[in-house]
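One letter stands for each residue in the lines below.
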Amino acid sequence: MPADYSKELEVAQLAVQRAAILTKRVFHEKAKGTVSKDDASPVTIGDFGAQALIISALKASFPADEIVAEEEAAQLRADPALRATIWELVRDTALADPAAEALLGGPIKDEETLLGVIDEGNSKGGARGRIWAIDPIDGTKGFLRGGQYAVCLALLVDGDVKVGVLGCPNLPVDDSTRLAEGMASGQTDEGAGVGVLFSGVLGQGATSRPLTSGALAQSQSISMRKIAESDIAGATFCESVEAAHSAHGDQAEIAKKLGITNPSVRMDSQAKYASIARGAGDIYLRLPVSATYQEKIWDHAAGDLIVREAGGAVTDIHGKRLDFGVGRTLVNNKGVIAATAGVHARVLEVVREVLNKE
């Protein structure tokens with residue numbers, strides 16, 4: 001009988017939903033018109049604030065669990081103005097539903113507690129025990145340009161992803177909306193029909209629901225579009241916006257070899273995993289641009305599980321499953337290939353052909 005992760009799932013969903021309230025506020029108040037990622041940038045403010053809120057929620061319910069997160073509080077200890085800005089945001093962020101907020105342990109007590117909470121994300125990761133991986137704003141440039149970003153949270157148990165949650169404030173709620181080229185910028189989280197919370201639990205499938213500011217909305221099951229190899233020409237690719245993150249030229253050649261004629265859709269963050277998981281796209285490629293770069297576990301853990309639970313397959317360019325049990329990075333893997341199960345093997349074959357030519 002599979003382990004019961006219902007409490008972990010509920011806490012993770014509400015923690016991501018609460019953190020997204022803060023990231024949306026930061027975007028509207030501070031991000032518009034900003035393109036930098038310097039120390040006082042909106043990304044820094046949102047990263048620290050969202051990370052603090054998520055860790056506080058996790059520690060309220062699971063005090064013994066370890067946490068892998070990117071930020072540490074030394075910068076805030078040295079910068080009182082930045083610390084005060086982040087504290088004000090965190091202090092004023094709460095779920096509108098009192099029962100949901102109480103489940104997350106309520107507000108962080110004071111500024112000093114805030115710093116201690118942020119520093120709880122210092123786990124080295126590994127293959128033993130319960131470890132949460134957090135990316136408070138995945139897709140920082142997407143966040144700044146009004147494109148796609150995600151608030152990401154995953155639970156690993158003995159190195160295996162058991163629960164994954166993605167909050168995508170700028171994706172359309174309607175699961176039938178196909179990916180479109182304009183999604184990389186000029187998006188908004190305002191109005192009805194925008195903002196999605198995706199979830200997956202190992203062995204229990206994947207779901208989507210509208211992102212709210214209170215209690216969890218009703219969910220629905222999601223699944224990848226079923227495509228046979230013979231129909232692969234009609235597939236939709238998605239890839240990173242930034243050429244520094246993934247080799248665009250190789251990806252274009254791979255698409256050509258597969259006979260795919262639809263233009264690739266470039267977007268930031270794990271919103272790509274979420275989009276293919278619900279059938280809005282079909283293939284996500286992240287090909288290595290550096291022999292030495294190691295992907296961070298928090299950039300992939302939740303999306304990897306959600307795609308697999310939606311009927312997809314996720315491997316690296318050598319056909320190996322992503323290994324989240326060797327620390328804070330995917331040191332044993334190179335690149336990512338995520339696709340609906342029926343075509344993954346063919347995509348992998350063509351990826352190898354193209355990369356082996358170089």
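Residues numbered from 1 in each chain as written. Predicted model: local features only at pLDDT ≥ 70, side-chain atom pairs only at ≥ 80, totals over all residues. Heavy atoms only, no water.

Peer 1: Would you mind going over the overall build of the protein chain with me for this structure?
Peer 2: Along the backbone of the protein chain there are eleven helices and twelve strands. Overall, the C-alpha framework of the protein chain stretches about 60 × 50 × 40 Å when taken along its three principal axes. Taking all 358 residues of the protein chain together, the buried fraction comes to 58%. The long-range fraction of contacts in the protein chain, counting pairs at least 24 apart against all pairs at least 6 apart in sequence, stands at 74%. Both charge centroids of the protein chain, one from 37 positive and one from 48 negative side chains, sit 2 Å from each other. (Helix = DSSP H or I, 4+ residues; strand = E, 2+ residues; numbered from the N terminus. Buried < 20%, exposed > 50% of the residue type's maximum accessible area, 1.4 Å probe, protein only. Contact = heavy atoms within 4.5 Å. Lys, Arg positive; Asp, Glu negative; His and termini not counted. Charge placed at Lys NZ, Arg CZ, Asp CG, Glu CD.)

Peer 1: In this structure, what is going on with the pattern of salt bridges? I would like to understand it.
Peer 2: Oppositely charged side chains may form a pair once their charged atoms are brought near each other. Tallied over the entire structure, the rule returns 17 salt bridges. The salt bridge involving Lys59 is made with Glu120; its shortest N-O contact spans 3.8 Å. In this pair, Lys59 is assigned in helix H2 (residues 42-61) and Glu120 in the loop between helix H6 (111-118) and strand E2 (130-138), connecting sequence segments 61 residues apart. On the basis of relative accessibility, which here comes to 21%, the residue Lys59 falls in the partly exposed class. Asp119 serves as the salt-bridge partner of Arg77, at 2.8 Å between the closest nitrogen and oxygen. In this pair, Arg77 sits in helix H3 (residues 74-77) while Asp119 sits in the loop between H6 and E2, placing the two residues 42 residues apart along the sequence. Among the residues examined, Arg77 registers a relative accessible area of 40% and is labelled partly exposed. (Salt bridge = Lys/Arg side-chain N within 4 Å of Asp/Glu carboxyl O.)

Peer 1: Sorry, what's going on with the sheet that holds strand E10 (residues 283-286) here?
Peer 2: Note: strands within a sheet are paired through backbone hydrogen bonds, in either parallel or antiparallel orientation. Pairing in this open sheet of five strands is mixed, and the strands run E9-E8-E10-E12-E11 from one edge to the other. Edge positions in the sheet fall to strand E9 (265-266) and strand E11 (312-315), since each of these pairs with one other strand and no more. Relative to strand E12 (residues 336-340), E10 runs antiparallel, the two being bridged by four bridges. Paired with Leu285 across the bridge in E12 is Ile337. Those strands touched by helix H10 (residues 301-309) are E11 and E12, and its axis lies near 145° from that of E11. (Pairing = 2+ DSSP bridges. Axes fitted to C-alpha atoms, helices over the stretch in contact; angles between N-to-C directions.)

Peer 1: It is not clear to me how the environment of Ile317 should be interpreted in this structure. Could you clarify?
Peer 2: Inspection of the secondary structure assignment puts Ile317 in the loop between E11 and E12. Through-space distance from the C-alpha of Ile317 to that of Arg352 is 7.0 Å; in sequence the pair is 35 residues apart.

Peer 1: Explain the sheet that holds strand E6 (residues 206-210) to me, please; I cannot follow it from the model alone.
Peer 2: Spatial ordering of the open sheet is given by E1-E2-E3-E4-E5-E6-E7, a layout of seven strands whose pairing is mixed. Because the sheet does not close on itself, it has two edges, and the strands there are strand E1 (66-68) and strand E7 (220-222). On average, each strand axis in the sheet is tilted by 25° relative to the strand beside it, whichever way the strands run. Pairing between strand E3 (residues 150-157) and strand E4 (residues 160-172): seven bridges, direction antiparallel. The residue of E4 that forms the bridge with Leu153 is Val165. Across the sheet, H2 lies against E1, E2 and E3, angled at about 150° from E2, the strand it touches most.

Peer 1: Looking at this structure, how should I read the packing of helix H4 (residues 80-91) against H6?
Peer 2: Helix-helix packing is described using two parameters, namely the angle between the two axes and the distance between the axes. Remark: H4 packs on H6, axes separated minimally by 10 Å, with the N-to-C direction vectors making an angle of 95°. The pairing of H4 with H6 is recorded here as roughly perpendicular in orientation. In this structure, H4 uses Arg83, Ala84, Ile86, Trp87 and Val90 to contact H6, whose residues at the interface are Glu111, Leu114 and Leu115. Class assignment of the residues belonging to the contact of H4 with H6 gives a composition of six nonpolar, no polar and two charged. (Parallel < 35°, antiparallel > 145°, perpendicular 65-115°, else oblique. Nonpolar A, V, L, I, M, F, W, Y, C, P; charged D, E, K, R; others polar.)

Peer 1: Before we go on, may I ask you to explain H10 in this structure?
Peer 2: Because an α-helix completes one turn every 3.6 residues, residues spaced three or four positions apart along the sequence face the same direction. Counting buried positions along H10 gives nine out of nine residues, so the element sits mostly inside the fold. Within the span of H10, buried status applies to Ala301, Ala302, Gly303, Asp304, Leu305, Ile306, Val307, Arg308 and Glu309. At the C-terminal side of H10, Gly311 shows a positive phi close to 100°.

Peer 1: What exactly am I supposed to notice about the environment of Ala69 here?
Peer 2: Within the secondary structure, Ala69 is located in the loop between E1 and H3. Taking the C-alpha atoms as reference, Ala69 lies 4.6 Å from Gly121; in sequence the two are 52 residues apart. Beyond its immediate stretch of four places on either side in the chain, Ala69 contacts Gln51, Gly121, Ile134, Trp298 and Arg328.

Peer 1: It is not clear to me how the packing of aromatic side chains should be interpreted in this structure. Could you clarify?
Peer 2: Any aromatic ring pair is given by two values, namely how distant the centres are and how the planes are angled relative to each other. One pass over the full model with this rule turns up four aromatic pairs. Pairing Phe27 with Phe143 gives two aromatic rings, centres 5.9 Å apart and planes at 65°, and the pair type is edge-to-face. Here the residue Phe27 occupies a position in helix H1 (residues 6-31), and Phe143 occupies one in helix H7 (residues 140-145), the gap between them amounting to 116 residues. A relative accessible area of 1% places Phe143 in the buried class. Taken together, the ring pairs connect Phe27, Phe143 and Tyr149 into an aromatic cluster. If you follow Arg130 out to its NZ or CZ, it ends over the ring of Phe62, 5.2 Å from the centre. (Phe/Tyr/Trp six-rings, centres within 6.5 Å; stacked < 30°, edge-to-face > 60°. Lys NZ or Arg CZ within 6 Å of the ring centre and 35° of its normal.)

Peer 1: What should I look at first to understand the confidence of the model for the protein chain in this one?
Peer 2: Low-pLDDT portions of the prediction should not be read for the details of their coordinates. Of all residues in the protein chain, 91% have pLDDT values of 70 or greater, and the mean over the chain is 91. Confidence over residues 33-37 falls short of pLDDT 50; this stretch has seven contacts with residues more than four positions distant or in other chains. (pLDDT = per-residue confidence, 0-100.)

Peer 1: I keep staring at the state of the cysteines and nothing clicks. Help me out?
Peer 2: Within this structure, the stated rule accounts for zero disulfides. With no disulfide of its own, Cys152 lies closest to Cys168 among cysteine sulfurs, the gap being 7.1 Å. On the accessibility criterion, Cys152 (1% relative accessible area) is buried. A relative accessible area of 0% places Cys168 in the buried class. (Disulfide = S-S within 2.5 Å.)

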